[in-house]
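Residue strings, one per chain:
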Amino acid sequence: MAIINRTPDSFHDRGRTFELSKAVEAVENAIANGADWIDIGGVPFAPGPEVTVREEIDRVVPVVEAARDRTDAVISVETYRPEVARVVLAAGADVINNVTGLHDLTLADVVAEADANLIITHSLAAPRTPFPRPTYEDVAGEVAAFLRERADAAISRGLPPERIILDPGHDLNKNTHHSLELTRRLPEITGIGYPTLVAVSNKDFIGETLDLPQNERLVGTIATVSVCVLQGARIVRVHDVAEIVPAVRMVESILGWRPPAVIRHNAV
């Protein structure tokens, strides 16, 4: 899953794809580099300047339309607003990526009505609200219980189970120790029974673990993504598609899921 942020203040790309032509170019590059999925966002998770519903729609819909014109890959939009979800699904998106713990269950109603798919991510705070010093007695157990409850709530609103994906929410209302433990214990999340997405790309828990700045976390990201796939993750949300795709394909081949692209060594 390639990340395309149409925001001026996203934590990693810092507005590099905020201008529409840059966002569309990023979509094209992601597809060329092997992305199966395009995830488009118009509002950062972190607190910051207010973005109105109209502004969010104006940011993401042109990118959704451009992506749909260029690819049959999966297209998702990261939003917590039912009003935005309704518009982007009509514009060609397949999935709503909700990183705020399904804070508003109306979002599930909109996704169900559109026969679309929903990613439910663990986070505790209301959208764009600080959550200082998060504490857990058992982070993996509590995240798993939360995700089960939220998935059940979505199902109660008419969303079929086969249209649900879960994300444990690395770093979202969690510190570095929490995110590392979630990675070690990821089978407790994948074992819930829904496809699991991990969004670990260049995150602070990687930077703090290795004491590296934002622009030097690629190797740590590759290692973390590989471990997550081995632990049962089936969708990986990343910034650096060209570098991550070969790593994931190598893991897939080691696991016997993907044949080698060519066979020459000691073949004759």
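Everything numeric in this text was worked out from a predicted model, so none of it was measured.

What follows is about the nonpolar core. Core analysis: the largest hydrophobic core is formed by 63 residues, its most contacted members being Ile 40, Leu 118 and Ile 120. Of all the elements, helix α5 (residues 139–156) adds the most residues to this core, at seven residues. Contact partners of Leu 118, with chain neighbours within four places excluded, come to Val 95, Ile 96, Asn 98, Leu 102, Leu 107, Ala 108, Val 111, Ala 154, Leu 159, Arg 163, Ile 164 and Ile 165. With eight residues, the next largest nonpolar core counts Met 1, Val 95, Ala 199 and Ile 235 among its residues.

As a further point, take the packing of aromatic side chains. Applying the stated criterion to the full structure yields zero aromatic pairs. One residue, Arg 6, lies across the ring of Phe 18, its end atom 5.9 Å from the ring centre.

So, about the sheet that holds strand β3 (residues 74–78). Taken together, the six strands give an open sheet; going across it, the order is β1-β2-β3-β4-β5-β6, and neighbouring strands pair in parallel fashion. Because the sheet does not close on itself, it has two edges, and the strands there are β1 (2–5) and β6 (164–167). Looking at each pair of strands side by side, their axes are set apart by 25° on average, direction ignored. Bridge count between β1 and strand β2 (residues 37–41): four bridges; the pairing is parallel. Paired with Ile 3 across the bridge in β2 is Asp 39. Set on the sheet, helix α2 (residues 53–70) makes contact with β1, β2 and β3; between it and β3 the angle comes to about 175°.

With that settled, the discussion passes to helix α6 (residues 176–184). All of the buried residues in α6 are Thr 176, His 178, Ser 179, Leu 182 and Thr 183. When α6 is viewed along its axis, its buried side chains cluster within an angular range of 160° and face the same direction. Projecting away from the buried face of α6 at angles above 90 degrees are the exposed residues His 177 and Arg 184. Residues of α6 that are buried in the fold lie against α5, α8 (204–210) and α9 (218–230). Where α6 begins, one side-chain oxygen reaches toward the backbone nitrogen of His 177, 3.1 Å away; that side chain belongs to Asn 175.

A pair of packed helices can be characterised by two numbers: the angle between their axes and the separation between those axes. The N-to-C vectors of helix α1 (residues 20–32) and α2 enclose an angle of 35°; their axes lie 10 Å apart at closest approach. Of the two possible hands of crossing, α1 and α2 adopt the one that is right-handed. Where α1 abuts α2, its residues Leu 20, Ala 23, Val 24, Val 27, Glu 28 and Ile 31 lie against Pro 62, Val 63, Ala 66, Ala 67 and Arg 70. Grouping the constituent residues of the contact of α1 with α2 by class yields nine nonpolar, no polar and two charged.

We now examine empty space enclosed by the protein. Summed over the entire model, instances satisfying the criterion amount to one cavity of 30 Å³ or more. Taken as a whole, the largest cavity holds about 70 Å³ of empty space. What lines the largest cavity is simply Val 43, Pro 44, Phe 45, Glu 78, Thr 79, Tyr 80, Asn 98, Val 99, Thr 100, Pro 127 and Arg 128. Looking at the lining of the largest cavity, its residues break down into six nonpolar, three polar and two charged.

Turning next to the pairing of strand β5 (residues 117–121). Along β5, four of the five residues are buried, which leaves the element largely enclosed by surrounding structure. Bridge analysis of strand β4 (residues 95–98) against β5 gives four bridges, and the strand direction is parallel. When the sheet's bridge partners are listed, Asn 97 is paired in β5 with Ile 119. This β-α-β element, β4 to helix α4 (residues 106–113) to β5, shows right-handed connectivity. Bridging between β5 and β6 involves four bridges; their strand directions are parallel. By the bridge assignment, Ile 119 is partnered in β6 with Ile 165.

Conventions used here
- Residues numbered from 1 in each chain as written.
- Predicted model: local features only at pLDDT ≥ 70, side-chain atom pairs only at ≥ 80, totals over all residues.
- Heavy atoms only, no water.
- Core = buried A, V, L, I, M, F, W, Y, C linked by side-chain atoms within 4.5 Å.
- Buried < 20%, exposed > 50% of the residue type's maximum accessible area, 1.4 Å probe, protein only.
- Helix = DSSP H or I, 4+ residues; strand = E, 2+ residues; numbered from the N terminus.
- Contact = heavy atoms within 4.5 Å.
- Phe/Tyr/Trp six-rings, centres within 6.5 Å; stacked < 30°, edge-to-face > 60°.
- Lys NZ or Arg CZ within 6 Å of the ring centre and 35° of its normal.
- Pairing = 2+ DSSP bridges.
- Axes fitted to C-alpha atoms, helices over the stretch in contact; angles between N-to-C directions.
- Arc of directions from axis to C-beta.
- Polar contact = N/O pair within 3.5 Å; in protein donor to acceptor, adjacent residues only side chain to side chain.
- Left-handed = near helix turned anticlockwise from the far one by under 90°.
- Nonpolar A, V, L, I, M, F, W, Y, C, P; charged D, E, K, R; others polar.
- 1 Å grid on protein atoms, 1.4 Å probe; cavity = no way out; pocket = protein on both sides within 12 Å on 5 of 7 lines; lining within 4 Å.
- Points joined across faces, edges and corners; volume = space filled by probe spheres on them.
- Right-handed = clockwise from strand over helix to strand, strands pointing away.

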